[in-house]
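The primary structure of each chain is shown beneath.
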Amino acid sequence: MPPRRLVVWCPDWPVVAAARAAELGSLVPTAVFAANRVVACSATARDGGVRRGMRRREAQSRCPDLVVCEHDPDRDARLFEPVVAAVEDMMPGVEIVRPGLVAVPARGPARYFGSEAGAAERVIDKIDAQVGVECQVGIADGLFAAVLAARRGQLVAPGLSPEFLAPLAVDEIDQLADRLTGRQVAQRAELVDLLRRLGIRTLGEFAALDPSDVATRFGRSALVMHRAAGGREERPVLRRQVPPDLVVSEELDPPVDRVDRAAFAAKVLADRLHARLGDLGLACTRLGISARTEHGEELERVWRCAEPLTPAATADRVRWQLDGWLNGRSGSQRPTAGVSVLSLRPEEVVGAGGLQLDLLSAATGEADARAGRAFARVQGMLGPEAVLTGVLDGGRDLRDQVRFVPWGDERRPALAPDHPWPGRIPSPSPSVVPDSPWPAVVLDVEGRPVEVTDRDRLTAAPSRVEVAGGRSRAVSGWAGPWPVTERWWAELLADGAGQTAPATQVPPRSLVRVQVVLEADSGTAEPGAPGAELEAGEVALLLVHEQGRWWVQGAYR
């Protein structure tokens, strides 16, 4: 059973921090924006119709008095330091999950204050009296369950975390531990969307899936969420022993009393730490940061992370901690001298080999630099087009959704991939998409070609499919047809009175999609021939009928 955790959650902390920095009243409708979307909003803003994820223009139209604040992680961390200090005055072992959320082991405080409920009540009173902000406390087995309990202000009895989590919506996995990168957030949103379309609505239904099936179908990050949804630790309890020589320290001479100067030293320390971790094949998931002044004052914090830390993320946490100590506290609690010693200590490490990181997301910044230099050298010898990187694009066609650009060029989508795109093939996408569609012949049960009528209906049910002139294979199942018509208005412009379509106008396009499942075939295709990638066993194809011919646009494995 996971250890008991007491979690302190300050609701809407980015908004609270922004309002305190701007000296706004608690009743002023306020929202924090990042990339022109709401990341947090106050209760009064929610009463006015503002919601998380909403665009700025829509939020301001719903709530004209809305005060707009830009997202500032440094401000959030700096102003959260007094809350952390208030908790630390009462309970040892404070871990910062993110600004606005801290966790401590529940066993010690429960014994000292007589009960878990007594400990929760005391910490709420302490934060209110010392800092003047509202908070909620939750206690449960494991960090994930404790975070969700804190958001509901509940104390979950020992051993009942799985029962507490089971009826909650599967969307709650978004609360798993630390805030993530944009790519990771998108991956989790895609997972939630896929689970809901598969009929999995609650955490209990997700936890009931077999772990091996989850790892095979959804990947390693989904397995972490699966463990948490079942009330277990996000990673197995067994941890690698932290070697003592992994602690890195730096004496600052002269001592620094400004955050920008300390941040430079933090970056050097972070690079040194991750170089050592990389040499040992390790990655850090829980980091201790210690700072000591020349007068002997010391501040130590432990930061917990859902994903292994990178050098940049490590340097950010050092900067946040020092900013909160040097600038975020009241005058009596600030250090009386500059920081003279800075230390980083991995509290928890895991084997980097088990993380399945790709080449460009390696655990060390040095790997990124080496890869970049190697790619640039290849481009210098063979030309810019010799090394390409994929960019997710918008569009209905599979070939439109991925665009390759030379390495080093700006990876900006030509069309927004997050737009609805009616007629787009839903997930899961085909695992094989040929560079050029393979020609195909679709036959009915009597061996006649299957065509598409003017009303986008099939002339007969598909019985056999022949790909690229190879052997025909029997169809065991099929679905469709799904017609798609794009840019139909171009013809109206061309035929309109006195109007002509622009010379650069892309012509209209009309096609029909069909999905078929082919039975296993004992024969083998000639290597290098179109369609040779298809497996001999049962395989599903995405067929497209366009301009009077059938094409294989993708294959599902």
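Residues numbered from 1 in each chain as written. Predicted model: local features only at pLDDT ≥ 70, side-chain atom pairs only at ≥ 80, totals over all residues. Heavy atoms only, no water.

Let's talk about the packing of helix 1 (residues 13–22) against helix 4 (residues 73–90)
Stage number 1. At a minimum axis separation of 9 Å, helix 1 and helix 4 run at an interaxial angle of 90°. In terms of orientation, helix 1 lies roughly perpendicular with respect to helix 4. In this structure, helix 1 contributes Trp-13, Pro-14, Ala-17, Ala-18, Arg-20 and Ala-21 to the contact, and helix 4 contributes Arg-75, Asp-76, Leu-79, Phe-80 and Val-83.
Stage number 2. Looking at the contact of helix 1 with helix 4, its residues break down into 8 nonpolar, no polar and 3 charged. (Axes fitted to C-alpha atoms, helices over the stretch in contact; angles between N-to-C directions. Helix = DSSP H or I, 4+ residues; strand = E, 2+ residues; numbered from the N terminus. Parallel < 35°, antiparallel > 145°, perpendicular 65-115°, else oblique. Contact = heavy atoms within 4.5 Å. Nonpolar A, V, L, I, M, F, W, Y, C, P; charged D, E, K, R; others polar.)

Describing a negative patch on the surface
Stage number 1. On the surface, Glu-121, Asp-125, Asp-128 and Glu-134 cluster together to form a negatively charged patch.
Stage number 2. In this fold, Glu-121 is placed in helix 6 (residues 116–130).
Stage number 3. Judged by its relative accessible area of 52%, Glu-121 falls in the exposed class. (Patch = residues over 30% accessible without salt bridge, like charges linked within 9 Å, V, L, I, M, F, W, Y side chains within 5 Å. Areas by Shrake-Rupley, 256 points an atom, 1.4 Å probe, with all protein chains shown as cover. Salt bridge = Lys/Arg side-chain N within 4 Å of Asp/Glu carboxyl O. Lys, Arg positive; Asp, Glu negative; His and termini not counted. Charge placed at Lys NZ, Arg CZ, Asp CG, Glu CD. Buried < 20%, exposed > 50% of the residue type's maximum accessible area, 1.4 Å probe, protein only.)

So, the confidence of the model for the chain
Stage number 1. When pLDDT is averaged along the chain, the result is 80; 82% of the residues meet or exceed 70.
Stage number 2. By mean pLDDT, the top-scoring element of the chain is strand 7 (residues 136–141) (93), and the lowest-scoring one is helix 16 (residues 489–495) (61).
Stage number 3. A low-confidence stretch, residues 177–182 stays under pLDDT 50, and its non-local contacts, those more than four residues away or across chains, total 17 contacts.
Stage number 4. Below a pLDDT of 50 lies the segment residues 236–240, which in the model reaches 8 contacts outside its immediate sequence neighbourhood of four places, other chains included. (pLDDT = per-residue confidence, 0-100.)

Remarks on the sheet that holds strand 4 (residues 67–70)
Stage number 1. The 3 strands are arranged 3-2-4 in an open sheet whose pairing can be described as mixed. Bordering the open sheet on either side are strand 3 (37–41) and strand 4, each of which pairs with just one other strand. Direction aside, the axes of adjacent strands within the sheet are offset by 40° on average.
Stage number 2. The sheet contact formed by strand 2 (residues 30–34) and strand 3 spans 4 bridges and is antiparallel. Among the inter-strand pairings, Ala-31 is bridged to a residue of strand 3, identified as Cys-41.
Stage number 3. Sheet contacts for helix 1: strand 2, strand 3 and strand 4; angle to strand 2, the most-contacted strand, approximately 110°. (Pairing = 2+ DSSP bridges.)

With respect to the packing of aromatic side chains
Stage number 1. This structure, assessed with the given rule, holds 3 aromatic pairs.
Stage number 2. Look at Tyr-112 and Phe-113: their rings are 5.0 Å apart centre to centre, the planes differ by 85°, and that puts the pair in the edge-to-face class.
Stage number 3. Note on Tyr-112: relative accessible area 69%, which makes it exposed.
Stage number 4. Ring centres of Trp-303 and Trp-320 lie 6.0 Å apart, and the angle between their planes is 50°; on these two criteria the pair is classed as tilted. Taken together, the residues Trp-303 in strand 10 (residues 298–304) and Trp-320 in helix 14 (residues 311–328) connect sequence positions 17 residues apart. (Phe/Tyr/Trp six-rings, centres within 6.5 Å; stacked < 30°, edge-to-face > 60°.)

Considering the pattern of salt bridges
Stage number 1. Applying the stated criterion across every chain yields a total of 22 salt bridges.
Stage number 2. With its nearest N and O atoms 3.8 Å apart, the salt bridge here joins Asp-76 to Arg-75.
Stage number 3. Here the salt bridges share partners, and the residues they tie into one network are Arg-4, Glu-116 and Asp-141.

Things to note about the nonpolar core
Stage number 1. Membership of the largest hydrophobic core comes to 59 residues, with the highest contact counts inside it found for Leu-6, Val-8 and Ile-127.
Stage number 2. Sequence-distant contacts of Ile-127, defined by excluding residues within four places in its chain, comprise Val-8, Val-83, Ala-86, Val-87, Gly-132, Val-133 and Cys-135. (Core = buried A, V, L, I, M, F, W, Y, C linked by side-chain atoms within 4.5 Å.)

A few points about the sheet that holds strand 18 (residues 539–546)
Stage number 1. Read around the closed barrel, 6 strands run 14-15-16-17-18-19, paired in antiparallel fashion. Neighbour to neighbour, the strand axes of the sheet diverge by 40° on average, direction disregarded.
Stage number 2. Alignment of strand 16 (residues 472–486) against strand 17 (residues 509–518), held across 9 bridges, turns out to be antiparallel. Bridging across to strand 17, Trp-482 finds its partner in Arg-513.

Section: the environment of Gly-159
Stage number 1. Structurally, the position occupied by Gly-159 is in the loop between helix 7 (143–152) and helix 8 (161–165).
Stage number 2. Separated by 158 residues in sequence, Gly-159 and Met-1 have C-alpha atoms that sit 7.3 Å apart.
Stage number 3. Not counting the four nearest positions on each side in its chain, Gly-159 is found in contact with Met-1 and Asp-141.

Observations regarding a nonpolar patch on the surface
Stage number 1. A surface patch of nonpolar side chains, amounting to about 400 Å² of accessible area, comprises Leu-388, Leu-392, Val-402 and Phe-404.
Stage number 2. Mapped by element, the contributors of at least two residues to the nonpolar patch are strand 12 (388–392) and strand 13 (402–406).
Stage number 3. Within the secondary structure layout, Val-402 lies in strand 13.
Stage number 4. The partly exposed category is assigned to Val-402, whose relative accessible area is 38%.

A word on the packing of helix 4 against helix 6
Stage number 1. It is the contact of helix 4 with helix 6, at a shortest axis distance of 9 Å, that shows an interaxial angle of 135°. Relative to helix 6, helix 4 is oriented oblique. Two packed elements cross with a definite hand, and for helix 4 against helix 6 that hand is right-handed. Mapping the contact onto sequence places Pro-82, Val-83, Ala-86, Val-87, Asp-89 and Met-90 in helix 4 and Arg-122, Val-123, Lys-126, Ile-127 and Gln-130 in helix 6.
Stage number 2. Split by residue class, the contact of helix 4 with helix 6 holds 7 nonpolar, 1 polar and 3 charged. (Left-handed = near helix turned anticlockwise from the far one by under 90°.)

Concerning unusual backbone geometry
Stage number 1. Each neighbour pair has its own omega, and for Asp-253 with Pro-254 the value is 5°, a cis peptide bond.
Stage number 2. That bond from Gly-480 to Pro-481 is cis: its omega, 0°, falls within 30 degrees of zero.
Stage number 3. As for its placement among the helices and strands, Pro-481 is situated in strand 16.
Stage number 4. Positive phi, close to 55°, is recorded for Asp-12, a residue that is not glycine.
Stage number 5. Within the fold, Asp-12 resides in the loop between strand 1 (4–9) and helix 1.
Stage number 6. Notably, Asp-456 is not glycine yet its phi reads approximately 60°, a positive angle.
Stage number 7. Of note, Asp-456 is situated in the loop between strand 14 (438–443) and strand 15 (464–467).

Comments concerning helix 4
Stage number 1. Between its first and last C-alpha, helix 4 extends 26 Å over 18 residues, near the 26 Å set by a 1.5 Å rise per residue.
Stage number 2. At Glu-81, helix 4 shows its strongest bend, of approximately 35°, with the proline Pro-82 following within four residues.
Stage number 3. Counting buried positions along helix 4 yields 13 of 18 residues, so the element is predominantly enclosed.
Stage number 4. A distance of 3.1 Å separates the backbone nitrogen of Asp-74 from a side-chain oxygen at the start of helix 4, and that oxygen is part of Asp-72. (Expected span 1.5 Å × (residues − 1). Bend = angle between axes of the 7 residues up to and from the residue. Polar contact = N/O pair within 3.5 Å; in protein donor to acceptor, adjacent residues only side chain to side chain.)

A look at the pairing of strand 6 (residues 101–105)
Stage number 1. Among the 5 residues that make up strand 6, 4 are buried, leaving the element largely enclosed by the rest of the structure.
Stage number 2. Sheet topology places strand 1 next to strand 6; 5 bridges connect them, and they run antiparallel. Pairing of Trp-9 across the sheet is with Leu-101, part of strand 6.
Stage number 3. Bridging between strand 5 (residues 95–98) and strand 6 involves 3 bridges; their strand directions are antiparallel. Directly across from Arg-98, in strand 6, lies its bridge partner Leu-101.

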